[in-house]
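What follows is the residue order along each chain.
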Amino acid sequence: MKYLSFTFLLLLSLMGASWAADTTPVKSDPAWLTEARASIKAEKYDQAIQQLQSANETSSADWNNLLGYSLRKKQPPDLVGAEKYYQAALKIDPNHRGALEYYGKLKLMNNDLPGAEALLVRLDKVCTFGCEEYSDLKGAVQKYKTKK
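Per chain, residue numbering runs from 1 following the sequence as it is written. Where local features are concerned, this predicted model is filtered to residues with pLDDT of at least 70; where side-chain atom pairs are given and counted, the filter is 80 or more; whole-chain, interface and lining totals use all residues. As a convention, hydrogens and water are excluded, and side-chain values are obtained from all of the structure's heavy atoms.

### As for the overall build of the chain
Note the following rule: Put simply, DSSP marks the helices as runs of H or I at least four residues long and the strands as runs of E at least two long, and each gets a number from the N terminus on. Each residue's exposure class comes from its accessible area (1.4 Å probe, protein chains only) as a fraction of the maximum for that residue type: buried when under 20%, exposed when over 50%, partly exposed otherwise. Should any heavy atoms of two residues lie within 4.5 Å, those residues are counted as being in contact. Every accessible area reported is derived by Shrake-Rupley at a probe size of 1.4 Å, with residue values counting cover from the shown protein chains alone.
In terms of helices and strands, the chain carries 8 helices and 0 strands. Listing the helices and strands of the chain from first to last along the sequence gives α-α-α-α-α-α-α-α. In the chain, which comprises 148 residues, the share counted as buried stands at 41%. Intrachain contacts of the chain at a sequence separation of at least 6 include 52% that bridge at least 24 residues. Just so you have it, the chain exposes about 8700 Å², and 56% of that area is on carbon and sulfur atoms.

In structure tokens:
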């Protein structure tokens with residue numbers, strides 16, 4: 001019974017960890033989401049921004065999160081724009097793991113350790129059995145602290 005419980009918990013923790021950028025992809029995702037994910041994976045952030053802006057799905061937490069992510073990752077980054085879209089994603093879905101992680105990383109880029117740690121606390125609550133987003137942000141916070 002003990003091993004069955006451990007296996008079940010392990011399975012639960014792995015189920016949502018395949019994509020950190022947004023929610024887990026499904027076959028019925030709209031084309032704009034699939035295309036934007038592919039551009040982001042290829043690190044073509046300007047292309048992803050254009051695709052997302054063309055789709056104009058402002059009521060989607062994933063759309064806002066991916067636009068924020070692309071703005072943060074492009075060169076040069078648009079951190080003010082990225083923050084606006086992360087905030088919009090979290091207004092739509094306060095538990096959006098990708099937005100919580102990436103907004104936390106943006107906070108670190110802006111030297112706002114308390115802000116990043118507050119988002120880490122929120123992620124810890126959302127990720128009951130742990131998740132990739134929590135682990136990634138926790139690692140970024142630890143790395144930030146060792147540099148200071």
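### Description of helix H4 (residues 61-73)
Residue pairs spaced three or four apart in an α-helix point in one direction, given the helix's 3.6 residues per turn. Going by this rule: The span you would expect from a helix comes to 1.5 Å times its residue count less one.
Over its 13 residues, H4 runs 18 Å from end to end, which matches the ideal 18 Å to within 8%, given 1.5 Å per residue. H4 sits mainly inside the fold: 12 of its 13 residues count as buried. Buried within H4 we find Ala-61, Asp-62, Trp-63, Asn-64, Asn-65, Leu-66, Leu-67, Gly-68, Tyr-69, Ser-70, Leu-71 and Arg-72. Residues of H4 that are buried in the fold lie against helix H2 (31-41), helix H3 (45-55), helix H5 (79-92) and helix H6 (97-109).

### As for the packing of H2 against H3
Filter applied, for reference: For every element, the axis is a line fit to its C-alpha atoms; helices are fit only across the contacting stretch, and the angle between N-to-C directions ranges from 0 to 180 degrees. Between 65 and 115 degrees an angle is taken as roughly perpendicular, under 35 as roughly parallel, over 145 as roughly antiparallel, and anywhere else as oblique. Whether a crossing is left-handed or right-handed is set by the direction in which the near helix is turned from the far one by less than a right angle, anticlockwise for left-handed and clockwise for right-handed.
One can describe the packing of H2 onto H3 by two numbers: an axis separation of 8 Å at closest approach and a directional angle of 165 degrees. For the element pair H2 / H3, the angle class is roughly antiparallel. The handedness of the crossing between H2 and H3 is left-handed. Taken together, the residues of H3 that come into contact with H2 (itself represented by Trp-32, Glu-35, Ala-36, Ser-39 and Ile-40) are Tyr-45, Gln-47, Ala-48, Gln-51, Leu-52 and Ala-55.

### A closer look at the state of the cysteines
The condition that has to hold: Two cysteine sulfurs form what is called a disulfide whenever their separation falls within 2.5 Å.
Per the counting criterion, the structure on display carries 1 disulfide. Each sulfur of the disulfide joining Cys-127 and Cys-131 lies 1.9 Å from the other. Residues Cys-127 and Cys-131 are joined by a disulfide whose S-S torsion is about 55 degrees; by sign, that bridge is right-handed. For Cys-131, a relative accessible area of 7% puts it in the buried group.

### What about the pattern of salt bridges?
The test is simple: Any Lys or Arg side-chain nitrogen located within 4 Å of an Asp or Glu carboxyl oxygen qualifies as a salt bridge.
By the definition in use, this model includes 6 salt bridges. Ionic pairing is found between Glu-101 and Lys-105, a salt bridge with its closest N-O pair at 2.8 Å. In this pair, Glu-101 and Lys-105 both sit in helix H6, 4 residues apart, roughly one turn of the helix. Given a relative accessible area of 1%, Glu-101 falls into the buried group. Two residues, Glu-117 and Lys-145, come together in a salt bridge whose shortest N-O distance is 2.9 Å. Residue Glu-117 is found in helix H7 (residues 113-126), and its partner Lys-145 is found in helix H8 (residues 132-147); the two are separated by 28 residues along the sequence. Relative accessible area serves as the criterion here: at 27%, Glu-117 is assigned to the partly exposed category. Connected via shared salt-bridge partners are Glu-83, Lys-107 and Asp-112.

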